[in-house]
Amino acid sequence: MEILSNGSSVSGILVSNEPKVLFSELSEHFFDSESVLLLHDSVREIFSVNDSLAKFDRKENIYIPTISFAAFHPDIQYGFIDGAVVKSGLDSDWNSRIMLWAYSKGLSQGETENLFREDVFQSLGYFDEWDKSSETLRKSFEECGFDYGRWIRSVQRTGVFMYGINHPMQIGLSQLAVQIAERVFPNSHVVIEDLHTFTTDYLSHIVWPVYPEIGDHLGVEGSYHWRVARKHASLTEFIELCFSAWDKMKLRKQKVNFIPVISNEDDQLLRSLAGI
Amino acid sequence: MNDKLNPYRGLPSFHYWRSGVADVGLGQFDPVEAVKFQIGESDQISTLGSCFAQHLAKHIQKSGYNYLVTEPLRSDEEQTEMAKMMASQFSARYGNVYTVRQALQLLDRANGWEPKDSIWERDGRFYDAFRPNVFPGGFASEERLLEERKRHLASVLDVFTQSDVVVFTLGLTETWMSLQDGAVYPVAPGVAAGSMDESQHVFKNFNYTEVMSDLTAWCIRLREMNPEVRILLTVSPVPLNATYEPRNVWTSTTYSKATLRSAAGDVASTLPYVDYFPSYEIITCPQVQGRYFEDDLREVKEIGVRHVMRVFGKHYLAKSEAAEVVEQKRRFSFGRSSRSAGVSSVFCDEELLDQEE
C-alpha cells in the first residue's frame, strides 16, 4: 500500500479480536481520526455483535476480504486441542486431512501413503473445490466492495496462486492492494503493473504441495513435496514426521476439534477406501 | 433498449469471451457443447494422424476402451521398445500421417494403388518411403520390404473396414511430393533415407481448397468402405518443427493450423457421421497461458493431454458402471508411478528436422 500511496502515510497495527481490547486499541489509534480505516473483514463481524464497537463501523471504513481458496490444497486440515493448534511433523499449523484421519484410525504409514490417490481425492470431493472456493471468495470480495472477477482473472494467469488454503502468493496480495489503493487514493495512487515483484513475500516459507492428481484437474503441475522454512519432505517423509510428532503428543488419546469438520460421510468413505 | 433487437443477449455463457474463456477456472475449460455420437465400450476405436494422435491412442488404451490394433508385433519380430511402440501406438504400423493427402493416399494404397517412388535406400539398407521411421535401420532387401508392406497394407485395410470409430488428428499442410505421380511422404526425401532430387520431388503446401477436397473425399470413401463408421476429427496443437516456406515457422504454423481447423470444422458440419473434437483449442486457449506446452513451446505436456482426454472422456466415452469399477482398480494398481510414464514415448518424424538445423 505504501508503494501505491504516492507519499501518503500508511501504517498498520495488529489488533485483538477480544472486544474490550479492540475497543481500546481503536479508540487510541483511530477514533476521531480522519484516516481511512482498512480493516480485515473479520473485524466487521466483531463490530456487528458488540454494541460498544458499533460506532467504529464507519461508512468510510474499507473492509479487506480474507483470501481463502481451497481448490489447490483441499486436503489442508486444522486440528485443535483445547484451543491449541495441532502441529504437523514440519511444525506448521496446516495438517493433512487424510493423514490425520489415517493416524486416528491406527493405519500404518504405508497404508496412509496408499490413500494419496485419485479415487480417494475424487470421493472426498477434492476435485470439486474450484467452484466452491470461487463462490465463497466472490461473496467475500463483493461484501467488501471489491471486484472478484478482475482479481481472479489477474491472479490465475500465473497458475497456482496460493501457498496453502489461506496463504496467497504475492500476485494475489498485490492485485487486491491495487483495488484497495484505487479506493483509498482514487486520484493519486501509483500504477505499477508488476507490483508483486517489488514486495517482500512473507508467506512463502510454508508451501503445501498441489498434489499431482489435483493439479491434473486444475491444469497445473503438482508434486508431493512439502516445505516449511528450510525443511523439506516427500510424501513418505511427511507422513513419517507427522506420525512421529503426533505420537509424541499422544494425539490418539486427545479430543481433537477438526476444522473443517471430518463428516461421518467422509469417515465412512475413507474407511471403505482404506479397506477397514 | 429492446433486447430482442440484440441477437447476442441472453445466449448461453459459452458464447461470451468473459464467461466462456476468461473467467473459467484453471483446468475447467471445456469447449465441447454438443457431440454427434458417443463411443461405447464395445466400439473398436482406431487412430491415425500426427504425433498428437499417439497421445490419444495411449490414453484410449489406458482408459480401458477397445483400441483397435490390426498390425501387432509378431513373435518372429525383434521385440525392441521402439518396435513395441510402433506396433501399439498406431492402429496399423503406418507411423505418423501428417497431411490429409497422405491419409487419402494411405487409403488408396490399401486399395491397391502403388506409387512409383516408394523405396528409399541409405547405406545399403532399404526404407519404405511412406513410413521410413517405423522400421529403424530399414530392411536388408527390397523383397523383405515389399513383403512387410503387403502385410501392412492388408492391416491398414482392416483398420478402415473394422473400426467403429476412427479418430483422425490433422497435423500439417506442408509436405514433399513425388513429381511422378503425386505421392506424398511423411518426411522429406533425404531426411530419414533416400535423397532429394529436384527433378523427382517437389515441396507442397496444401491450401484450404485442397485440404477440404481431400478430407471430404477421405471421409466419404472411408464410409463407403465401412458404412457404419463414425469419424472424429481433431487438429494437432503441436506447432511445425520446421517450415520450408520462406517465412517464420510460427507464421507457417498459423497458416497450417487455420487451414486444417477450417477444413475439419466444415467437413464435420457437412457430413452427419463426422464430428470435430477441439483438442487444438484446449491446448492453445489463451486461458491456459501456454502452460500446456513444454519448455520448447512445441511439445504438449502430459498434463495438457490429460485435460484433453478428460474432456474427451466426459463427452464421448459412454461408461457403464462395470467399466467405472475396472477403471478405479486400474488407477489403484497403476498408482502414482504411472502418472508420468510414457511422457516421452511419442515418436515424431518431424523432430528429425531438428538435425537439419
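Numbers given to residues run from 1 along each chain, matching the order in which its sequence is written. In the order they appear in the text, chains get letters beginning with A and ligands get numbers beginning with 1. Given that this is a predicted model, residues contribute local features only at a pLDDT of at least 70 and side-chain atom pairs are listed and counted only at 80 or more, while totals for whole chains, interfaces and linings are drawn from all residues. By convention in this description, side-chain values take in all heavy atoms of the structure and omit both hydrogens and water.

(A) Geometry of the overall build of chain B. To qualify as a helix, a DSSP run of H or I must reach at least 4 residues; to qualify as a strand, a run of E must reach at least 2; elements of each kind are numbered from the N terminus. If you tally the helices and strands in chain B, you get ten helices and ten strands. The rule is simple: take the accessible area with a 1.4 Å probe, protein chains only, and divide by the maximum for that residue type; under 20% is buried, over 50% is exposed, in between is partly exposed. Looking at the 357 residues of chain B, the share that counts as buried comes to 54%. Within chain B, contacts between residues separated by at least 24 positions form 72% of all contacts whose residues are at least 6 apart in sequence. Throughout, a contact is declared for two residues whenever any of their heavy atoms are within 4.5 Å.

(B) Region of the structure containing the pattern of salt bridges. All names here are of chain B. Salt bridges are defined as contacts in which a side-chain nitrogen from Lys or Arg sits within 4 Å of a carboxyl oxygen from Asp or Glu. Taken as a whole, this structure holds 32 salt bridges over all chains when the rule is applied. The shortest N-O distance in the salt bridge between Glu77 and Arg74 comes to 3.8 Å. Judged by its relative accessible area of 13%, Glu77 is buried. With a closest N to O distance of 2.7 Å, Asp108 and Arg221 form a salt bridge. With Asp108 in helix H4 (residues 100–110) and Arg221 in helix H6 (residues 208–225), this residue pair connects regions lying 113 residues apart in the sequence. Among the residues examined, Arg221 registers a relative accessible area of 28% and is labelled partly exposed. Taken together, the shared-partner salt bridges connect Arg74, Asp76, Glu77, Arg93, Arg144, Glu147, Glu148 and Arg151 into one network.

(C) How the structure looks around the sheet that holds strand S6 (residues 174–178) of chain B. All names here are of chain B. Strands were regarded as paired on the criterion that DSSP finds at least two bridges between them. Overall, antiparallel pairing links the three strands, which are arranged S7-S6-S8 in an open sheet. This sheet does not close on itself; its edge strands, each paired only once, are strand S7 (184–185) and strand S8 (201–205). By the bridge criterion, two bridges tie S6 to S7 in an arrangement that is antiparallel. What sits directly across from Met177, in S7, is Val184.

(D) Spotlight on the interface of chain B and chain A. If you look at the interface, chain B gives 21 residues, while chain A gives 27 residues. What counts as buried area is the accessible surface, traced by a 1.4 Å probe, that two parts surrender upon association, with contributions from both included. Interface area, chain B with chain A, both sides summed: about 2,100 Å², of which 44% is carbon and sulfur. Seen at the junction of chain B and chain A, the total is three salt bridges. Here Lys301 of chain B ties to Glu221 of chain A by a salt bridge, and the two come within 3.3 Å at their closest N and O atoms. By the criterion applied in these results, polar contacts are pairs of N or O atoms within 3.5 Å in which, for protein atoms, one can donate a hydrogen and the other can accept it, and in which residues neighboring in sequence qualify only through two side-chain atoms. Taken together, the links from chain B to chain A amount to nine residue pairs in polar contact (both at pLDDT 80 or more). Breaking the side of chain B that touches chain A down by element, the ones donating at least two residues are helix H1 (17–22), helix H9 (302–316) and helix H10 (321–334) of chain B.

(E) Spotlight on the packing of helix H1 (residues 19–29) of chain A against helix H2 (residues 41–48) of chain A. All names here are of chain A. Geometry is summarised by axes, namely lines fitted to C-alpha atoms with helices restricted to the contacting stretch, and by angles between N-to-C directions that run from 0 to 180 degrees. Their axes nearest at 11 Å, the elements H1 and H2 cross at an angle of 110 degrees. As judged from the angle between their axes, H1 and H2 are roughly perpendicular. Touching Pro19, Leu22 and Leu26 of H1 are Val43, Ile46 and Phe47, all from H2. Residue composition of the contact of H1 with H2, by class: six nonpolar, no polar and no charged. Under this scheme an angle from 65 to 115 degrees is roughly perpendicular, one under 35 degrees roughly parallel, and one over 145 degrees roughly antiparallel; angles in between are oblique. Under the convention adopted here, Pro, Cys and the residues Ala, Val, Leu, Ile, Met, Phe, Trp and Tyr are nonpolar, Asp, Glu, Lys and Arg are charged, and Gly plus all remaining residues are polar.

(F) Structural detail: H2 of chain A. For H2 of chain A, the complete set of buried residues consists of Asp41, Val43, Ile46 and Phe47 of chain A. Residues of H2 of chain A that are buried in the fold lie against H1, strand S1 (38–40), strand S2 (62–64) and helix H6 (129–143) of chain A.

(G) Up close: unusual backbone geometry. Across the junction of Ile259 of chain A and Pro260 of chain A, the peptide omega takes the value -5 degrees, indicating a cis bond. Tracing the chain through its elements places Pro260 of chain A in the loop between strand S11 (257–259) and helix H11 (264–274). Although it is not a glycine, Asp91 of chain A sits at a positive phi angle of roughly 65 degrees. Looking at the secondary structure, you find Asp91 of chain A in the loop between strand S4 (84–85) and strand S5 (95–96). Owing to a relative accessible area of 48%, Asp91 of chain A belongs among the partly exposed residues under this scheme. A positive phi angle is found at Leu297 of chain B, which is not glycine, with a value near 60 degrees.

(H) Molecular detail of the nonpolar core. What we call a nonpolar core is a set of buried Ala, Val, Leu, Ile, Met, Phe, Trp, Tyr and Cys residues that are connected through their side-chain atoms within 4.5 Å. Counting residues in hydrophobic clusters, the biggest one holds 83 residues, and the most contacted among them are Phe69, Phe72, Trp151, Phe161, Trp226 and Trp246 of chain A. Apart from the residues within four sequence positions on either side, Trp151 of chain A is in contact with Ile67, Leu137, Phe141, Phe161, Gly172, Gln175, Leu176 and Gln179 of chain A. Among the nonpolar cores identified, the runner-up in size contains 47 residues, and Phe90, Ala92, Leu104 and Met212 of chain B belong to it.

(I) Spotlight on the confidence of the model for chain B. All names here are of chain B. Scored from 0 to 100, pLDDT reflects the predictor's confidence in each residue. Taken as a whole, chain B shows an average pLDDT of 89; of its residues, 88% reach a score of 70 or greater. Below a pLDDT of 50 lies the segment residues 329–344, which in the model reaches 21 contacts outside its immediate sequence neighbourhood of four places, other chains included. Across the assembled chains, the prediction reports ipTM 0.83 with pTM 0.87.

(J) Representation of the packing of aromatic side chains in the model. Stacked, tilted and edge-to-face are the three classes applied to pairs of Phe, Tyr and Trp rings, where Trp contributes its six-membered ring and a pair requires centres within 6.5 Å; stacked means planes under 30 degrees apart, edge-to-face means over 60, and tilted covers the rest. According to the stated counting rule, one finds 40 aromatic pairs over all chains in the structure shown. Ring plane angle 65 degrees and centroid distance 5.3 Å describe the contact between Tyr103 of chain A and Trp246 of chain A, whose orientation is recorded as edge-to-face. Here Tyr103 of chain A is found in helix H3 (residues 97–104), whereas its partner Trp246 of chain A is found in helix H10 (residues 235–248), with 143 residues between them in sequence. Exposure remark for Tyr103 of chain A: the relative accessible area of 2% places this residue in the buried category. Assessed through its relative accessible area of 0%, Trp246 of chain A is described here as buried. Taking the centre distance of 5.4 Å and the plane angle of 20 degrees together, the rings of Phe130 of chain B and Tyr185 of chain B count as stacked. One end of the pair, Phe130 of chain B, is in the loop between strand S4 (125–128) and helix H5 (142–162); the other, Tyr185 of chain B, is in strand S7, with 55 residues separating them in the sequence.

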